[in-house]
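Examination of the molecular architecture
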Amino acid sequence: MKKEFINLMKKSNLKYFLANPQNIRQLKYFINTFINLPSSFKLNEIEVIFQSIINNYSEKERKSTSDLIIKSRRDIIVINSYTTNNKEYIIHMLIGSLDNEQYRLRELRFCHELKEKEVNDIVTDYYLQSSELPNNDTFKDLLQIKTINLKRLNELSSDTAINRWLKFIGATNNEERIKATNEDEILKDFNL
C-alpha cells in the first residue's frame, strides 16, 4: 500500500513531527544542522515542549499555533513556522538563554516567487553584515536568513545535511522525499 504524502510545509506538520518522541534523533539532527549551538547547550539533556498550555494559541475552529520549545538547562530554542499571504513557508528559530534577553534568529524562507536578484540561485543566504551595523561586529551573528527557491529545489545537490533537510521539508510528493533521504540515514528513519 502506498504511504500517504504529508506536506511538512502545511499547518504545524513539521513541528508536530519534530516534537514526536520517536523523532528525537531527527530533532537533534535538525537543531545541529541549522543552528550554531553554544557550548552550554547540551543536546543530550533537552526538554521538548509543544502544544502545551504555555506555548499554544487557539481560536475556536479558526486557527491554532504552537511554538516548539527545546530547552537545555538555561538555553532555549523556539521554533515557529507559518505560511504567509504570498504562500511562503517560513521557519523561525530563536536561540538564546533564559539568563540573557539577546536572542539570535535563524530563518528558512521557502518561496515560489522570488525577487529578481534571487531567481538565479536555489538558496540565497542573508546575514546581518558588520557594514550595516554602527561600527560594531557584536550583532553580526544575530540574524541569518536562507531563502529557498522552491521552483528549483530539485536541482539542489544532496551533498550536505542542510541541502538534504531543505529538500526533505520542501518535497511535494513521496518520491521527492525518498530521494532526499537516500543519502541520509537519520532522515531516512524520520517517523512520518
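Treat the numbers as computed from the prediction; the structure is a model and nothing was measured.

Within helix 3 (residues 161–170), eight of the 10 residues are buried, which leaves it mostly tucked inside the rest of the structure. The complete set of buried residues in helix 3 reads N163, R164, W165, L166, K167, F168, I169 and G170.

Moving on, we get to the packing of helix 3 against helix 4 (residues 174–181). Any two packed helices are characterised by the angle at which their axes cross and by the distance between the axes. It is the contact of helix 3 with helix 4, at a shortest axis distance of 8 Å, that shows an interaxial angle of 165 degrees. Taken together, the axes of helix 3 and helix 4 lie roughly antiparallel to each other. For the element pair helix 3 and helix 4, the recorded crossing hand is left-handed. Residue-level contacts link R164, K167, F168, I169 and G170 of helix 3 to E176, R177, A180 and T181 of helix 4. In terms of residue class, the contact of helix 3 with helix 4 is made up of three nonpolar, two polar and four charged.

Between side chains of opposite charge, pairing is possible as soon as their charged atoms come close. Here the structure, examined in full by the defined rule, presents 10 salt bridges. The residue D99 makes a salt bridge to R74 at a minimum N-O spacing of 3.0 Å. Placement of D99 in the loop between strand 6 (89–97) and strand 7 (100–111) and of R74 in the loop between strand 4 (68–72) and strand 5 (75–83) is noted, with a sequence separation of 25 residues between them. We classify R74 as partly exposed; its relative accessible area is 43%. A salt bridge links E155 to R152; the shortest N-O distance between them is 2.8 Å. Relative accessible area serves as the criterion here: at 23%, R152 is assigned to the partly exposed category. Shared partners join several salt bridges into a network, and the residues in it are E88, E107 and R109.

Glancing now at the packing of aromatic side chains. Using the criterion set out here, one finds eight aromatic pairs in the structure. With centroids separated by 5.8 Å and ring planes inclined at 45 degrees, the aromatic side chains of Y29 and W165 adopt a geometry described as tilted. Of this pair, Y29 sits in helix 2 (residues 24–34) while W165 sits in helix 3, placing them 136 residues apart in sequence. Here Y29 falls in the buried class, since its relative accessible area comes to 15%. The buried category is assigned to W165, whose relative accessible area is 0%. For the ring pair W165 and F168, a centre distance of 5.8 Å and an interplane angle of 90 degrees mean the geometry is edge-to-face.

Reading the values: rules and limits
Here the residue index of a chain counts from 1 through its sequence in written order. At least 70 in pLDDT is required for a residue's local features to be given in this predicted model, at least 80 for side-chain atom pairs to be given and counted, and no such filter applies to totals for whole chains, interfaces and linings, which use all residues. To get the side-chain values, all heavy atoms of the structure are used, and hydrogens and water are removed first. For every residue, the accessible area obtained with a 1.4 Å probe (protein chains only) is divided by the maximum for its type, and the residue is called buried under 20%, exposed over 50%, and partly exposed between those limits. Here a strand is any run of E in DSSP of at least two residues, a helix any run of H or I of at least four, and the numbering for each starts at the N terminus. Inter-axis angles, ranging from 0 to 180 degrees, are taken between N-to-C directions of lines fitted to C-alpha atoms, where helices are fitted over the stretch in contact. When describing relative orientation, an angle under 35 degrees is termed roughly parallel and one over 145 degrees roughly antiparallel, while 65 to 115 degrees is termed roughly perpendicular and anything else oblique. Should the near helix be turned anticlockwise from the far one by less than a right angle, the crossing is termed left-handed; should it be turned clockwise, right-handed. Should any heavy atoms of two residues lie within 4.5 Å, those residues are considered in contact. Each residue is assigned to one class: nonpolar for Ala, Val, Leu, Ile, Met, Phe, Trp, Tyr, Cys and Pro, charged for Asp, Glu, Lys and Arg, and polar for all the others, Gly among them. A pair is scored as a salt bridge if a Lys or Arg side-chain nitrogen falls within 4 Å of a carboxyl oxygen belonging to Asp or Glu. Pairs were defined over the aromatic rings of Phe, Tyr and Trp, the Trp ring being its six-membered one, requiring ring centres within 6.5 Å. Orientation was assigned from the angle between planes: stacked under 30 degrees, edge-to-face over 60, tilted for the rest.

All we've got here are geometric facts, nothing functional implied.
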